[in-house]
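The chain contents come next:
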Amino acid sequence: MYDAVHETDPEIAAILEAELGRQRDQLEMIASENFTSPAVLETVGSVLTNKYAEGYPKKRYYGGCVHVDEAELLAKRRACELFEAERANVQPHSGSTANMTAYCAFAEPGDKIMGLSLSHGGHLTHGHPVNFSGLLFQAVHYEVEPGSEVIDYDRMREQAKKEQPRILIGGASAYPRTWDYAAMRSIADEVGAVFIFDMAHIAGLVAGKVHPSPVPHADVVTSTTHKTLRGPRGGVILCTKENLKAINKLNFPGMQGGPLMHVIAAKAVCFHQCLQPEFRDYAQRTLDNAQALAAALLEKGFELASGGTDNHLVLVNCKPRGLTGKEMEELLEHVGITCNKNTVPFDEESPFVTSGVRLGTPALTTRGMGPDEMRRIADIMDRAVTSREDEDALARLRGETEALGRDFPLYPEL
Ligand SMILES: *Cc1c(COP(=O)(O)O)cnc(C)c1O
């Protein structure tokens, strides 16, 4: 593997091999990660990376775009078919730039935007002060309710009426529940706001038709393509026919230069795969696994934010088991399970410590694992917590996670 890299740059070749080994050996439970297909990997590694194609298909600032035009048109057509959207822009380099384009298409610097607070599951790009979204716009945030830890749309409505935001943002990175898109639509209409929904995390569940879609409700839907959607690292924007012009103009020349044509072609491959019946099955298994994981963790005495999940992730409050999120992340890494520490709603710890960890099932589901494996993993987590001072016990648990990984080979063709 990586023959040309070995020849040219042994140091980087060693890193590529080591990372492949790590992905194979550890149980990947970071909710935003997945294993993309060999077809996507090949396309991302293709000669399309050589091509400059500023502009849009048939309206480029460079010659020689005949083939990349075809790739971009396919990607757009498939994105629209997959999500039943009127129009798509497949050029955003990432989920963050997709959001930047969407906000700037509808708001001026200094305008007010309103999204879910980062510490309650939102995303940095939903108005956090250290991010462009908080630097450029006046950001206000809604939160989940104490106790239930879910969003209350009556409260959102009251806050929106008081704040009068230009943009109302939905979507999250660590919110395990479904959204009431219709309520957000009516709130946006009531206050005259644009409704942007960021489905970066749940796009694959929406594509697989196992989770409600924001597309019929929102003015603009943004997403990543590399999380539950299982494509290449990148972004996409879906919108109505009338909003396309503003979105296109802000994406290029507004925010970006030359599009990443190799990635856009790989997005086309991803959307094609998502349109197959097997992908629906994958999305359903991802959900079933999250349900099984949540039930098993609850049974072991872990506490879950909002008490469970409707999607691919669970947010575990580790405090009742005597650990911070940081300690839990380190403990799990030690026994071969990768996840990330995460604040839980109303967290009293700093974002560097946190009280929780976020666990997701998309990547392990891609490896072929099912509810039985989720129950085994919950059991391993439970035993890791109870025997965290016992190095021999932890070593045995590490052996168990490695054996589980070997039963579900990753990238056997590499
Ligand atoms: C991951 C994520 C993003 C950002 O995507 P990047 O590709 O990392 O820039 C934006 N919004 C939400 C809700 C996300 O979860």
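This one's a predicted model, so the numbers in the text were calculated from it and none came from an experiment. (Residues numbered from 1 in each chain as written. Predicted model: local features only at pLDDT ≥ 70, side-chain atom pairs only at ≥ 80, totals over all residues. Heavy atoms only, no water.)

### Describing the overall build of the protein
Phase 1 of the analysis: Along the backbone of the protein there are 16 helices and 15 strands.
Phase 2 of the analysis: Taking 22 Å as the expected radius of gyration for a compact globule of 414 residues, we find that the protein reaches 22 Å, a close match to that expectation.
Phase 3 of the analysis: Considering only C-alpha atoms, the protein reaches an extent of 65 × 60 × 35 Å along its principal axes.
Phase 4 of the analysis: Taken across its 414 residues, the protein has 56% of its residues classed as buried.
Phase 5 of the analysis: By sequence separation, contacts in the protein at least 24 residues apart represent 72% of the contacts at least 6 residues apart.
Phase 6 of the analysis: As displayed, the protein has an accessible area near 17300 Å², and 52% of this comes from carbon and sulfur atoms. (Helix = DSSP H or I, 4+ residues; strand = E, 2+ residues; numbered from the N terminus. Rg over C-alpha atoms; globule rule 2.2 N^0.38 Å. Buried < 20%, exposed > 50% of the residue type's maximum accessible area, 1.4 Å probe, protein only. Contact = heavy atoms within 4.5 Å. Areas by Shrake-Rupley, 256 points an atom, 1.4 Å probe, with all protein chains shown as cover.)

### Considering the pairing of strand E5 (residues 112-116)
In summary, the side chains of a regular strand alternate between the two faces of the sheet.
Phase 1 of the analysis: Summarising burial for E5: five of the five residues are buried, a large majority.
Phase 2 of the analysis: In this sheet, strand E6 (residues 138-142) lies alongside E5 in parallel orientation, the contact comprising five bridges. Considered in E6, the bridge of Lys112 is made with Gln138.
Phase 3 of the analysis: Pairing geometry for E5 and strand E7 (residues 167-170), over two bridges, is parallel. Residue pairing in the sheet places Ile113 in a bridge with Ile167 of E7. (Pairing = 2+ DSSP bridges.)

### Observations concerning the domain arrangement of the protein
By convention, interface size is frequently given as the accessible area that disappears when the constituent parts associate.
Phase 1 of the analysis: Taken domain by domain, the protein consists of domain 1 (41-274) and domain 2 (280-407).
Phase 2 of the analysis: Once you take the C-alpha centre of each, domain 1 and domain 2 turn out to be 28 Å apart.
Phase 3 of the analysis: Facing the 26 residues of domain 1 at the interface are 25 residues of domain 2.
Phase 4 of the analysis: For the pair domain 1 and domain 2, the summed buried surface comes to about 2100 Å²; carbon and sulfur atoms form 57% of the total.
Phase 5 of the analysis: Applying the counting criterion to the domain 1 and domain 2 interface returns one salt bridge.
Phase 6 of the analysis: Of the charged contacts in the structure, one is a salt bridge between Arg177 and Asp310, with a shortest N-O distance of 2.9 Å.
Phase 7 of the analysis: Across the contact surface, domain 1 and domain 2 share 12 residue pairs in polar contact (both at pLDDT 80 or more).
Phase 8 of the analysis: Split into classes, the residues belonging to the side of domain 1 that touches domain 2 amount to 10 nonpolar, 10 polar and six charged. (Domains from an automatic or database assignment. Buried area = accessible area lost by both parts, 1.4 Å probe. Salt bridge = Lys/Arg side-chain N within 4 Å of Asp/Glu carboxyl O. Polar contact = N/O pair within 3.5 Å; in protein donor to acceptor, adjacent residues only side chain to side chain. Nonpolar A, V, L, I, M, F, W, Y, C, P; charged D, E, K, R; others polar.)

### Considerations on the pattern of salt bridges
Phase 1 of the analysis: All chains considered together, the criterion is met by 22 salt bridges.
Phase 2 of the analysis: Here Glu19 and Arg22 are joined by a salt bridge, their closest N and O atoms 2.8 Å apart. Separated by three residues within a single helix, Glu19 and Arg22 lie in helix H2 (residues 10-25), roughly one turn from each other.
Phase 3 of the analysis: Looking at Glu19, the relative accessible area reads 30%, which means it is partly exposed.
Phase 4 of the analysis: On the basis of relative accessible area, Arg22 is assigned to the partly exposed category, the value being 27%.
Phase 5 of the analysis: Ionic pairing is found between Glu163 and Lys112, a salt bridge with its closest N-O pair at 2.7 Å. Of this pair, Glu163 sits in helix H7 (residues 153-163) while Lys112 is found in strand E5, placing the two residues 51 residues apart along the sequence. Here Glu163 and Lys112 have matching classes, each one buried.
Phase 6 of the analysis: One salt-bridge network, in which partners are shared between bridges, spans Arg157, Glu158, Lys161 and Glu190.

### Concerning helix H16 (residues 391-407)
Phase 1 of the analysis: Between its first and last C-alpha, H16 extends 25 Å over 17 residues, near the 24 Å set by a 1.5 Å rise per residue.
Phase 2 of the analysis: Within the span of H16, buried status applies to Ala393, Leu394, Leu397, Thr401, Leu404 and Gly405. Around the axis of H16, the buried residues are gathered within 125° of arc, so they sit on the same side. In H16, the exposed positions that point more than 90 degrees away from the buried face belong to Asp392, Arg396, Arg406 and Asp407.
Phase 3 of the analysis: If you follow the buried residues of H16, they end up packed against strand E1 (27-28), helix H13 (325-334), strand E13 (337-338) and helix H15 (371-386).
Phase 4 of the analysis: One side-chain oxygen of the residue at the start of H16 lies 3.2 Å from the amide nitrogen of Asp392, identifying that residue as Asp390. (Expected span 1.5 Å × (residues − 1). Arc of directions from axis to C-beta.)

### Remarks on the sheet that holds E6
Phase 1 of the analysis: Here seven strands make up an open sheet; going across it, the order is E4-E10-E9-E8-E7-E5-E6 and the pairing mixed. Each end of this open sheet is capped by a strand with a single partner; those strands are strand E4 (87-89) and E6. Sheet twist, expressed as the average angle between the axes of neighbouring strands with direction ignored, equals 20°.
Phase 2 of the analysis: Pairing of strand E9 (residues 220-224) with strand E10 (residues 235-239), which is carried by five bridges, proceeds in the antiparallel orientation. Residue Val220 lies in a different strand from E10, and its bridge partner there is Cys239.
Phase 3 of the analysis: Against the sheet, helix H4 (residues 66-83) contacts E4 and E10, and its axis sits at roughly 125° relative to E4. (Axes fitted to C-alpha atoms, helices over the stretch in contact; angles between N-to-C directions.)

### As for the nonpolar core
Phase 1 of the analysis: Phe83, Trp179 and Leu238 are the most contacted members of the largest nonpolar core, which totals 58 residues.
Phase 2 of the analysis: For Leu238, the residues in contact, after removing those within four places along its chain, are Ala79, Phe83, Ala85, Arg87, Ala88, Met199, Val215, Val220 and Val221.
Phase 3 of the analysis: If you look at the next biggest cluster of nonpolar residues, it comprises 34 residues, including Ala292, Val316, Ile377 and Leu397. (Core = buried A, V, L, I, M, F, W, Y, C linked by side-chain atoms within 4.5 Å.)

### Topic: the site of the ligand
Phase 1 of the analysis: Of all residues adjacent to the ligand, which total 14 residues, the nearest are Gly95, Ser96, Asp198, His201 and Lys227.
Phase 2 of the analysis: Taking Ser94, its side chain carries an N or O atom lying 3.4 Å from an oxygen atom of the ligand.
Phase 3 of the analysis: The separation between an oxygen atom of the ligand and a polar side-chain atom of Ser173 is 3.0 Å.
Phase 4 of the analysis: In the complex, the protein chains occlude 86% of the 380 Å² of accessible area that the ligand would expose alone.
Phase 5 of the analysis: Looking at which element gives the most residues to the shell around the ligand, the answer is helix H5 (residues 95-106), with three residues.
Phase 6 of the analysis: Here the residues of the shell around the ligand are counted per class, giving two nonpolar, 10 polar and two charged. (Near = heavy atom within 4 Å.)

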